[in-house]
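# Close look at the chain arrangement
Spelled out from the first residue to the last, the chains are:
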Amino acid sequence: MNMLQKIGMISEQFLAQLGLYAITLGKTSKRILSSPRYPRLILAQAEEVGVQSLPVVLLTALFTGMVLALQSYIVFHRFAAESMIGVVVSLSMVRELGPVLVGLMVAGRVGASFAAELGTMRVSEQIDALWTLSTDPMRYLIMPRVIAAIVMMPLLVVISDFIGIYGGYAISVFMLDQNPAVYLEKTTQFMELKDFYSGLVKAGFFGMLIGVIGCTEGFNCKGGAEGVGRATTRAVVISCMSILVSDYFLTAWMFG
Amino acid sequence: MSNDQTPRISIRNISKRFGEKVILEDVSLDIMPGTSTTVIGMSGTGKSVLIKCVLGLLKPDSGEIFVDGENWLELSEDEHLDRMRRVGMLFQGAALFDSLSVWENVAFALLERGEERTTAREKAAEVLEWVGLPGIEALMPAELSGGMSKRVGLARAICHKPDIVFLDEPTTGLDPIMSDVINRLIVNLHKTSGTTIMAITHDMKSAAMISDNIGMLCHGQMHRQITPDQLDSDQDPMLRQFVEGRAEGPINCSVWGKQIEEAVK
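Figured I'd write up the structure that's included with this text. The structure displayed is predicted, hence computed values, not measured ones.

## Some remarks on the overall build of chain B
Helices and strands together make up the secondary structure of chain B, namely ten helices and ten strands. Taking 2.2 N^0.38 as the reference for a compact globule, 265 residues should give roughly 18 Å; the C-alpha atoms of chain B span a radius of gyration of 19 Å, in line with that estimate. Seen through its principal axes, chain B has C-alpha atoms that stretch 60 × 40 × 35 Å. With 265 residues in all, chain B has 52% of them scored as buried. Partitioning the intrachain contacts of chain B with sequence separation of at least 6 by distance along the chain shows that 63% fall at a separation of at least 24. As displayed, chain B offers around 12,000 Å² of accessible surface, 49% of which is attributable to carbon and sulfur atoms.

As C-alpha cells, this is what we get:
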C-alpha cells in the first residue's frame, strides 16, 4: 500500500466516522421533536451525568482555581499587581478552563460510561431486543443521554466557575494575604456577561459532543468484549480531541 | 388480510453478504399461520442472519419478506417498529435488560404501550408462573441462572400476546432437562395459543419436538424442507450427516472442515 492509498483510506474512515456522528445527531434531533420523550429516563441520565460527576468536577475546579491564583501571584508580585489575581482566575475559569476542564472530565467519566453501556447492550443483543419489543433503540437509549449531557454540562460549568473562583479567592486571601474585597471587586469589574454566556454555550456544545460521540461509539460497537473496550477508548479520545478543537473555533467565533 | 392460504411469513429469494462473504443466497421459505417452522443448520450458515432479516435488524441485499402479504422490506423505520407489536423474540442469550427487574423485562412491551404498572406486573407474574418461575418478579437478571434467563426471555417474548414468535437457539447452552422444559413450553405455547413460530436451532431433539416443518440451511442456501417425521427417514446425504452429527460427509467441503479432517487424520 503506497502513501496515497494510506491517506485515502484514513480520510475515508475519518469521513465515514464523521458521517456516523452526523447521522446520530440528526436522528436524535428528529426524535427530540416528537413523543415519547421518556422524561423518566432523561432524569435518570441527568442524575448520572450531573450529580454523579459533581465530585470530580468540584475537585478539578477547586484545584485549578487555586493553581491559577498561585501562578498569577508569582508573576504579578514582580510588578506589584497582585490585585489582578482575581481577574486572571475569574476570566480564565469562566471563559476557558471551566467549560474545557469540565468537558474533559465529563468526557472521561460519562462518555466512557455511555459507550461501555451501549456497547455491552449491543454485543449482548439487548439493543436488538428493544427493536423486537417495538421500541426505538435510538429514542430509548441515545436521546435521553444526549439531552442529559447538553442540559447538565452548563449547570456543571456554572458550579465549577464558582468553585474555581472560590479556590483562587481562598489561596489569595488565606495564603497570600491579599485583600478579599479587592479580589472580589476585580473579579466582577473585568467580567462581562458575555464571558459567562460564552462559557455556557461552549458547555452545551461540549455536552452534545460527549453525548453523540459516546452513544455512537457504543451503539455501533462490534466484536464482543474487545469491541466494547475499543469503543470506550475511542469515545473518550475522540470526545476529548473534539472538545479541544471545537473550543478554538467557538472562541474564535465568539470573541474573534 | 390473511387467510389460511396466505403464508404468515413468506421469505422470497433473500440474499445477504458481508463484504466478500456470502451468508445467504436466494433463500426462500413459507411459514403458514399457526404452524411452527424450524430452520436447522451448522453454526455460521446464516440462520441468525435469516431471522434478523425478517425482523428488520439486518437489511438483505436482495429478495422480499412478506408478513401477511405485506412486504416488510418496503416499510419505513416507524412502520416496521409498529409491526413489531405483533412479534415476540427469544434471543439466544436471552438479552434481558440488565438495569430492569425480571417483571419489568417481561412486561416491557406492555409498559411501553402505556399499560398501568400494577396491571403490567400482574400480567408479567402470570406469564412467569406459566414458564415455571413464580415469585421471581423482583429479582434482577444478574441473579438468574442460564435456564431461568431463557425462560424469562420466553416470558418476555410472549407476554404481549404476539401473533408470531421467533426463537433463536432456544435450547443452546442448557442442560438436557432444562432444554426439555423449554421445548415443552414452546410446544404448549404453540398448541394453546396457535401462535406462528419460527425457530432456528442445531439441536435436533428440539427441532423434532417443536416443529411442524423443518428447513435445512446449508452453505447459505435452503437445502431441504421436510417434516419432523422425515428427520430419521430422509436419505439426503447432507441432512443425514447433520442429523447424525458426523464430521465426514458432504458438508465438510469447507476449508474449516477439511482442516479439522486433516488434523484428525
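This is not the end of the story, as more comes after the structure.
## A word on unusual backbone geometry
Residue and element names in this part refer to chain A. Omega for the bond connecting Ser35 with Pro36 falls within 30 degrees of zero, at 0°, which places this linkage in the cis form. Positioned with a positive phi, Glu125 is a non-glycine residue whose angle comes to about 65°. By secondary structure assignment, the location of Glu125 is in the loop between α4 (85–123) and α5 (126–132). The class for Glu125 is buried, based on a relative accessible area of 16%.

## Let's talk about the packing of helix α1 (residues 3–32) of chain A against helix α8 (residues 193–219) of chain A
Helix-helix packing: each pair is described by the crossing angle between the helix axes and the interaxial distance. Residues and elements named next belong to chain A. Look at α1 against α8: their axes get within 9 Å of each other, and the N-to-C directions meet at 110°. Relative to α8, the element α1 lies roughly perpendicular. Facing Gln17, Leu20, Tyr21, Thr24 and Leu25 of α1, the residues of α8 in contact are Met208, Val212, Ile213, Thr216 and Glu217. Of the residues belonging to the contact of α1 with α8, the class tally is six nonpolar, three polar and one charged.

## Regarding the pattern of salt bridges
On inspection of all chains with the given rule, the structure shows 27 salt bridges over all chains. The partner of A:Asp128 in a salt bridge is A:Arg122, and the shortest N-O contact between them spans 3.3 Å. Between B:Arg240 and B:Glu244 there is a salt bridge, with its nearest N and O atoms 2.8 Å apart. Of this pair, B:Arg240 and B:Glu244 both sit in helix α9 (residues 237–244), four residues apart, roughly one helical turn. The network of salt bridges with common partners includes A:Lys27, A:Arg31, A:Asp136 and B:Glu77.

## A short note on the sheet that holds strand β5 (residues 70–71) of chain B
Residues and elements named next belong to chain B. Pairing is antiparallel in the open sheet, where four strands are placed in the order β2-β1-β4-β5. Where the open sheet ends on each side, the last strands, each with one partner, are β2 (21–31) and β5. Pairing geometry for strand β1 (residues 9–18) and β2, over seven bridges, is antiparallel. If you follow Ile11 over to β2, its bridge partner there is Leu29.

## Details of helix α3 (residues 54–76) of chain A
All names here are of chain A. Compared with the 33 Å implied by 1.5 Å per residue over 23 residues, the 32 Å span of α3 between its first and last C-alpha is a close match. Val57, Thr60, Ala61, Thr64, Gly65, Leu68, Ala69, Ser72, Tyr73 and Phe76 are the residues of α3 that are buried. Buried residues in α3 make contact with α4 and α6 (137–175).

## Some remarks on the sheet that holds strand β3 (residues 36–40) of chain B
Residue and element names in this part refer to chain B. The mixed open sheet is built from six strands, whose spatial order is β6-β7-β8-β3-β9-β10. Each of the sheet's edge strands pairs with one partner strand only, and the pair in question is β6 (87–90) and β10 (221–226). The sheet shows a mean angle of 20° between the axes of neighbouring strands, taken without regard to direction. Sitting on the sheet, helix α6 (residues 146–158) is in contact with β6 and β7 (164–168), with an inclination near 175° to β6.

## Focus on the environment of A:Ser11
Residue and element names in this part refer to chain A. With respect to the secondary-structure elements, Ser11 resides in helix α1. The sequence separation of Ser11 and Ser134 amounts to 123 residues, and the corresponding C-alpha distance is 37 Å. From its side chain, Ser11 meets the backbone oxygen of Ile7 in a polar contact 2.6 Å long.

## Regarding the interface of chain B and chain A
Facing 26 residues of chain B, the contacting portion of chain A comprises 17 residues. On inspection of chain B and its partner chain A, the count reaches four salt bridges. A:Asp128 serves as the salt-bridge partner of B:Lys52, at 3.6 Å between the closest nitrogen and oxygen. Taken together, chain B and chain A are joined by seven residue pairs in polar contact (both at pLDDT 80 or more). Residue contributions to the side of chain B that touches chain A peak at four residues, all from helix α2 (residues 77–83) of chain B. Counted by class, the side of chain B that touches chain A contains 13 nonpolar, five polar and eight charged residues.

## Quick word on the pairing of β1(B)
On a regular strand, one side chain projects to one face of the sheet and the next to the other, so that they alternate. Residues and elements named next belong to chain B. In sequence, β1 turns back onto β2 through a hairpin of two residues, with Gly19 there showing a positive phi of about 65°. Note: β1 against strand β4 (residues 62–67), five bridges, orientation antiparallel. Counted as the bridge partner of Ile9 is Val67 from β4.

## Some words on the layout of surface pockets
A volume near 1,400 Å³ is recorded for the largest pocket. For the lining of the largest pocket, the secondary structure elements donating two or more residues are α1, α4, α5, α6 and α8 of chain A together with β1, α1 (47–55) and α2 of chain B. Here the element with the most residues in the lining of the largest pocket is α1(A); it accounts for five residues. The class makeup of the residues in the lining of the largest pocket is 16 nonpolar, eight polar and eleven charged. Lining the second largest pocket are 26 residues; nearest its centre among them are A:Arg40, A:Leu41, A:Tyr140, B:Leu100 and B:Phe108.

## Some thoughts on a nonpolar patch on the surface
Side chains of A:Met3, A:Leu4 and A:Ile7 sit close together on the surface and give an oily, nonpolar patch of about 360 Å² of accessible area. Within the secondary structure layout, A:Leu4 lies in helix α1.

## Some details on the packing of aromatic side chains
In the structure shown here, the tally under the stated rule is eight aromatic pairs over all chains. Ring plane angle 75° and centroid distance 5.5 Å describe the contact between A:Tyr169 and A:Tyr183, whose orientation is recorded as edge-to-face. Highlighted residues: A:Tyr169 in helix α6 and A:Tyr183 in helix α7 (residues 180–189), separated in sequence by 14 residues. Judged on exposure class, the residue A:Tyr169 and its partner A:Tyr183 are both buried. A centroid spacing of 6.4 Å and a plane angle of 50° characterise the contact between A:Phe196 and A:Tyr197, whose relative ring orientation is tilted. Among the aromatic residues, those joined into a cluster by ring pairs are A:Tyr38, A:Tyr140, B:Phe97 and B:Phe108.

About the criteria used
- Numbers given to residues run from 1 along each chain, matching the order in which its sequence is written.
- Labels follow written order: the first chain is A, the first ligand is 1, and so on.
- The predicted nature of this model means local features are confined to residues of pLDDT at least 70 and side-chain atom pairs, given and counted, to a pLDDT of 80 or more, with totals for whole chains, interfaces and linings taken over all residues.
- Calculation of side-chain values draws on the structure's entire complement of heavy atoms; hydrogens and water are dropped beforehand.
- Each helix is a run of H or I in the DSSP string that is no shorter than four residues. Each strand is a run of E no shorter than two, and both are numbered from the N terminus.
- Every radius of gyration here is taken over C-alpha atoms, with the globule rule written as 2.2 Å times N^0.38, N being the number of residues.
- Buried means the residue's accessible area, taken with a 1.4 Å probe over protein chains only, is under 20% of the maximum for its type, while exposed means over 50%, and partly exposed covers the values in between.
- Residue contacts are defined here by distance: any two heavy atoms, one from each residue, within 4.5 Å place the two residues in contact.
- Accessible surface area values rest on a Shrake-Rupley calculation with a 1.4 Å probe, where residue burial reflects the displayed protein chains alone.
- Under this scheme, a helix contributes an axis fitted over its contacting stretch, all axes are lines through C-alpha atoms, and angles between N-to-C directions fall in the 0 to 180 degree range.
- When describing relative orientation, an angle under 35 degrees is termed roughly parallel and one over 145 degrees roughly antiparallel, while 65 to 115 degrees is termed roughly perpendicular and anything else oblique.
- Each residue receives one of three labels: charged for Asp, Glu, Lys and Arg, nonpolar for Ala, Val, Leu, Ile, Met, Phe, Trp, Tyr, Cys and Pro, and polar for the others, Gly being one of them.
- We define a salt bridge as a contact between a side-chain nitrogen of Lys or Arg and a carboxyl oxygen of Asp or Glu at a distance within 4 Å.
- In short, DSSP must find at least two bridges between two strands for them to pair.
- Multiplying one less than the number of residues by 1.5 Å gives the expected span of a helix.
- Two N or O atoms form a polar contact when they lie within 3.5 Å of each other; inside protein one atom must be a possible hydrogen donor and the other a possible acceptor, and for residues adjacent in sequence the pair counts only when both atoms belong to side chains.
- Whether a set of points on the 1 Å grid over the protein atoms alone is a cavity depends on a 1.4 Å probe fitting there but being unable to get out, while an open set qualifies as a pocket with protein on both sides within 12 Å along at least five of seven lines; lining residues are those with an atom within 4 Å of a point.
- Grid points are joined across faces, edges and corners, and a volume is the space filled by probe spheres set on the points.
- Patch definition: residues above 30% relative accessible area lacking any salt bridge, with like charges linked at up to 9 Å and the nonpolar side chains Val, Leu, Ile, Met, Phe, Trp and Tyr linked at up to 5 Å.
- Note on aromatic pairs: the rings of Phe, Tyr and Trp (six-membered ring only in Trp) are paired at centre separations within 6.5 Å, and the planes decide the class, stacked below 30 degrees, edge-to-face beyond 60, tilted for the rest.

By themselves, these figures tell us nothing about what the structure is for.
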